[in-house]
Amino acid sequence: MLKKELKNSVPFCYNKAMSKSRIFFIILLAFIAGVFVRSFWEINQMIYWLLIVADIIMAAVFYKNKNVLIVFFAISFFVFGAWLTQSRIVKTQNLKLDGQNFRGEALVLKSSPNAFGQNLIVKTTAEKIKLLVQIPKYPEYNYGDLLNVECTLKSIENKNADFDYQMYMAKDGVLYQCDPVKSPTSRGAEQFNGVNKIGENKGNFFLNKIFLVRNLLQENVRKVIPEPERALADGILFGGSNQFPKEIQNDFSKTGMTHIVAVSGYNVTIIAEYLILIGIWIGLWRKRAVWFAIFGIVLFVIMIGLPSSAVRAGVMGTLLLWAMKNGRLANSENAIIFAGAVMLLINPLLLRWDVGFQLSFLATLGIVLISPIWEKSFIKKNKALGISEIIALSLSAQVFVLPIIAYNFHIASLISLLANVLILPIVPLTMLLVFLVSLAGLIFPPLSLVLAWLAFMPLTYEINVIHILAQFPWASIEIENFSGCWVTLYYIILFGIMLFIKNFHNVKFPMINDKSISKSKAQI
Amino acid sequence: MTFSHLDLICHWEFVICHFTFMTNRKLTYSIIILLVTLVVIVFSIIFSARKNNLDVYFLNVGQGDAILISEGQNQMLIDGGKDGRLLLQKLGKYIPFWDRKIEIVVATHPDQDHIGGLIDVLRTYKVEKILKTNAESDSEVYQKLKEVISQKGLEKVDAKKDATVRFPGGTVASVLFPLTSLPEAVDEASNDNSVAIKLVYGENSFLLTGDLPSAKETELINSGVDIKSDVLKVGHHGSRYSTSDDFLSAINPTDTIISVGKNNSYGHPNQEVLDRLLRNKINILRTDEMGDIIYKCQSPESKCAQVAN
């Protein structure tokens, strides 16, 4: 299927021979395919060697043929991707420390509070292994705290059959949970003696500062915006829906609006725009304003803790901005594949075990592949981000992520299109206001309060609209038993239809066309 | 779990639209709209600030106590359950969005199911005073609460008989128990020194007794104060060691509130207590069955009405 697609795309390239960008695309795709295949299936050691040997022989015999060389590189990268994944998977299965006692120093890398406790990810100073420590809410620990930990190491348990928590943690290199030694106190309550703080600010200096800024900004929002609007404000700006009460979380998933509290390309784009505007406003040249925006995005993505969706959006956003600075626009297919390949090179386990990664890439792919078709068929090119635009983009993304959501969350939202139309247009304004609230808190708190009243309006509108829409009995349908087979079948059919339409309509990819380039140049 | 359906980063036109959007004329319009919104908000704040009727909320915070008393712009929070996040959601629901101040917070005694949620409240809202006894606890939660109280520089009011909080609209909350000031020390039997508060708004009265056990209820009766009330928050989540027959007949309430979590491991409320209440023909309102229980009092002369949430 892939080969056919590539063949079909060739005529759209600038010249008949394969362009460099097309070769680049194929090789990265081969790498990702390698990661994909090994993530889902075991590959016998022999097959790797056979592939490599065949690959080298082929290259040695036909080295004069350019196409054969491309195939050579493609196979090599495929094997490389599979091998990289293999080595990471083997590491996650090596649990030789299970059941052993640990005693020593550990640095807090991440702390996420929940209702009654906190989950810490710590890295031991001596052995450099990452551990999950689950302890009560108080005392609180933060990034950079140095702890003395005494506990028994256990492999991480899956709490429900639905979600592979073990692999979810393993993808980030966390293989053990560390249960601190408990001892009953005089009053019968259990006290956790296994964790003691012995130092602060021991982490990376730069990260310490950046998290400090984030905490300050979050704190400022917390002081002036009440719940649950505060949770939405926090989610829209910094990502994360886990701060919502259950009912609101359900409302969001029923209406398919959880994406607005996941930092994705949408947020990153809005931030990039605002940064460029600020850059120009403070008198930077166009190119410098772009650098300013790139710098801001990188800082932002680090600040929110590098979730997959934001990293993807950050890499692609940076690519696009860089291309803009240099006056030529990247091919969006290549931008996607490049972002994916870079992330998988760093951590190949994301592909299978990070739903955020899957959703993020599939949604983007959907938008890039399908929206030109919608546009060609029924959307007049008038004002961008009109309602028709939002409908086209939402539908494109949804068609691509539907099976992943059904598979993981057992739900399909029927009302999400309407919800997107009603909510999305005011999200940029909401982000801006919330950001101003958090910033004003640093400079002049009374202003922060007044801005908070303004920010409260769109926030409460969003929560209430989503709540009302979620009440409709047909807002969403529960999907049980949506197995991996169905997911595969869905994508095979989807890509089949895409291919058919593409041939039929002769739609041009990528969607970035000359008209918009000249328009964007005129604007900046 | 992160989602991101709608990724627009590739969608170049989107970027362009925003640059178009930000033309000067539209910017001016946006600013005007924002200012008008602001004026409307300010007027509605001023308008509602003139109201000073009393609302009493028995918040459903699971196994624990949290009672919000709100008179116009003035709030008093008695206990905070154990989960700060849940409590903040409740407060967000009942305190108007522009009001970020809770005038006084009461910690009846230093048990986790009463003070656990207060830490987040002190960090989030501007709290002026804290009314508590000197009884301490060696728990991490109490230590954290103590730290936050001193960090925020809250004015501490010692909770003992005759300590009184007067609201501008006429509501009076007075401490009935403990009878004397407590020593500053870890209190092993913390329930014994729970703060009991009587809230009076004209014709209406509420008695809130924290986790006070029966022996101390007797002390309270014998102290000679008027404990007769319309509404009683049943002591210690309906435990068998509270709410004696004598106490009930001295209070003679029409309604009782049991602040309790669904299927809690303590077996609260106790069947004997429920029977006792039924025998005395007293209404039983439970937070685990009804959610938040709300009383609205329109004026000091008329009876407060319990309303559905």
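Cut-off values and rules
Residues numbered from 1 in each chain as written. Chains lettered and ligands numbered in written order. Predicted model: local features only at pLDDT ≥ 70, side-chain atom pairs only at ≥ 80, totals over all residues. Heavy atoms only, no water. Helix = DSSP H or I, 4+ residues; strand = E, 2+ residues; numbered from the N terminus. Buried < 20%, exposed > 50% of the residue type's maximum accessible area, 1.4 Å probe, protein only. Contact = heavy atoms within 4.5 Å. Areas by Shrake-Rupley, 256 points an atom, 1.4 Å probe, with all protein chains shown as cover. Pairing = 2+ DSSP bridges. Axes fitted to C-alpha atoms, helices over the stretch in contact; angles between N-to-C directions. pLDDT = per-residue confidence, 0-100. Phe/Tyr/Trp six-rings, centres within 6.5 Å; stacked < 30°, edge-to-face > 60°. Patch = residues over 30% accessible without salt bridge, like charges linked within 9 Å, V, L, I, M, F, W, Y side chains within 5 Å. Salt bridge = Lys/Arg side-chain N within 4 Å of Asp/Glu carboxyl O. Disulfide = S-S within 2.5 Å. Arc of directions from axis to C-beta. Polar contact = N/O pair within 3.5 Å; in protein donor to acceptor, adjacent residues only side chain to side chain.

Asks: Help me understand the overall build of chain A, please; the structure alone is not making it clear to me.
Replies: Helix and strand content of chain A: 20 helices and ten strands. When burial is assessed residue by residue, chain A has 49% of its 524 residues classed as buried. Considering only residue pairs separated by 6 or more positions, chain A has 71% of its internal contacts joining residues 24 or more positions apart. On chain A, roughly 25,400 Å² of surface is accessible, and the fraction owed to carbon and sulfur atoms is 65%.

Asks: Honestly, the sheet that holds strand 15 (residues 305-307) of chain B in this entry has me stumped. Any pointers?
Replies: Backbone-to-backbone hydrogen bonds join strands into a sheet, with any given pair of strands oriented parallel or antiparallel. All names here are of chain B. On the basis of which strands lie adjacent, the open sheet formed by eight strands has the order 6-5-4-3-2-1-14-15 and mixed pairing. Edge positions in the sheet fall to strand 6 (155-158) and strand 15, since each has one partner strand and no second. Strand-to-strand twist of the sheet, defined as the mean angle between neighbouring strand axes without regard to direction, takes the value 20°. The pairing of strand 1 (residues 54-58) with strand 14 (residues 293-297) spans five bridges and is antiparallel. Paired with tyrosine 57 across the strands is isoleucine 294, a residue of strand 14.

Asks: Any chance you could explain the sheet that holds strand 12 (residues 255-258) of chain B here in plain terms?
Replies: Residue and element names in this part refer to chain B. What the seven strands build is an open sheet, ordered 7-8-9-10-11-12-13; its pairing is mixed. Among the strands making up the open sheet, the edge pair consists of strand 7 (164-166) and strand 13 (283-286). With strand direction ignored, the average angle separating the axes of adjacent strands in the sheet is 20°. The sheet contact formed by strand 8 (residues 172-177) and strand 9 (residues 196-201) spans five bridges and is antiparallel.

Asks: Sorry, what's going on with the confidence of the model for chain A here?
Replies: Detailed reading of the predicted coordinates is not advisable wherever pLDDT is low. In this model, chain A carries an average pLDDT of 81, and 86% of its residues clear a pLDDT of 70 or more. In the model, residues 186-190 of chain A has pLDDT below 50 throughout and makes eight contacts with residues more than four positions away in sequence or in other chains.

Asks: When you look at the packing of aromatic side chains in this model, what are you seeing that I'm missing?
Replies: Centre distance and the angle of the planes are the two values used to describe a pair of aromatic rings. Throughout the structure, instances matching the rule amount to 19 aromatic pairs over all chains. Judged by centre distance (4.0 Å) and plane angle (5°), the ring pair of Phe456(A) and Phe97(B) falls under stacked. Remark: Phe97(B) occurs in the loop between helix 3 (84-94) and strand 4 (101-107) and Phe456(A) occurs in helix 18 (residues 445-471); the pair is interchain, linking two chains. Just as Phe456(A) is buried, Phe97(B) falls in that class too. Ring geometry for Tyr57(B) and Tyr94(B): centres 4.4 Å apart, planes at 25°, overall stacked. With Tyr57(B) in strand 1 and Tyr94(B) in helix 3, this residue pair connects regions lying 37 residues apart in the sequence.

Asks: What's the story with a nonpolar patch on the surface in this structure? I'm lost.
Replies: Residue and element names in this part refer to chain A. On the surface, a cluster of nonpolar side chains totalling about 790 Å² of accessible area is made up of Tyr63, Leu69, Phe73, Phe77, Phe80, Trp83, Leu345 and Ile346. Elements represented by at least two residues in the nonpolar patch include exactly helix 4 (66-93) and helix 12 (332-346). If you tally residues by element for the nonpolar patch, the top one is helix 4, at five residues. Mapped onto the elements, phenylalanine 73 comes out in helix 4. Accessibility expressed as a relative area gives 38% for phenylalanine 73, which makes it partly exposed.

Asks: Sorry, what's going on with the state of the cysteines here?
Replies: Disulfides are covalent bonds that connect the sulfur atoms of two cysteines. Residue and element names in this part refer to chain B. Overall, the coordinates contain two disulfides over all chains when judged by the stated rule. In this model, cysteine 297 is linked to cysteine 304 through a disulfide, with the two sulfur atoms separated by 2.0 Å. Across the disulfide from cysteine 297 to cysteine 304, rotation about the S-S bond amounts to roughly 105°, and the bridge is consequently right-handed. Among the residues examined, cysteine 304 registers a relative accessible area of 16% and is labelled buried.

Asks: Can you walk me through the confidence of the model for chain B in this structure?
Replies: All names here are of chain B. With 92% of its residues at a pLDDT of 70 or more, chain B has an overall mean of 85. Every residue in residues 1-17 scores below 50 in pLDDT, and together they form 88 contacts with partners more than four places removed in sequence or on other chains. Interface scoring of the predicted complex returns ipTM 0.86; its pTM is 0.86.

Asks: Explain the side chain of Gln89(B) here, please?
Replies: Following the sequence through the fold, Gln89(B) ends up in helix 3. Accessibility expressed as a relative area gives 15% for Gln89(B), which makes it buried. Not counting residues within four places of it along the chain, the set of residues in contact with Gln89(B) comprises Glu227(A), Gln243(A), Phe244(A) and Pro245(A).

Asks: Even after reading the chapter, I still don't get helix 9 (residues 271-279) of chain B, so can you show me in this structure?
Replies: Because each turn of an α-helix spans 3.6 residues, side chains separated by three or four positions end up pointing in the same direction. Residues and elements named next belong to chain B. For helix 9, the set of buried residues is Val273, Leu274, Arg276 and Leu277. Viewed end-on, helix 9 has its buried residues packed into an arc of 160°, placing them on one side of the element. Projecting away from the buried face of helix 9 at angles above 90 degrees are the exposed residues Leu278 and Arg279. The residue sitting at the N-terminus of helix 9 and contributing the capping side-chain oxygen is asparagine 270; that oxygen lies 2.7 Å from the backbone nitrogen of glutamate 272. Two residues or fewer past helix 9, lysine 281 is found with a positive phi of approximately 55°.

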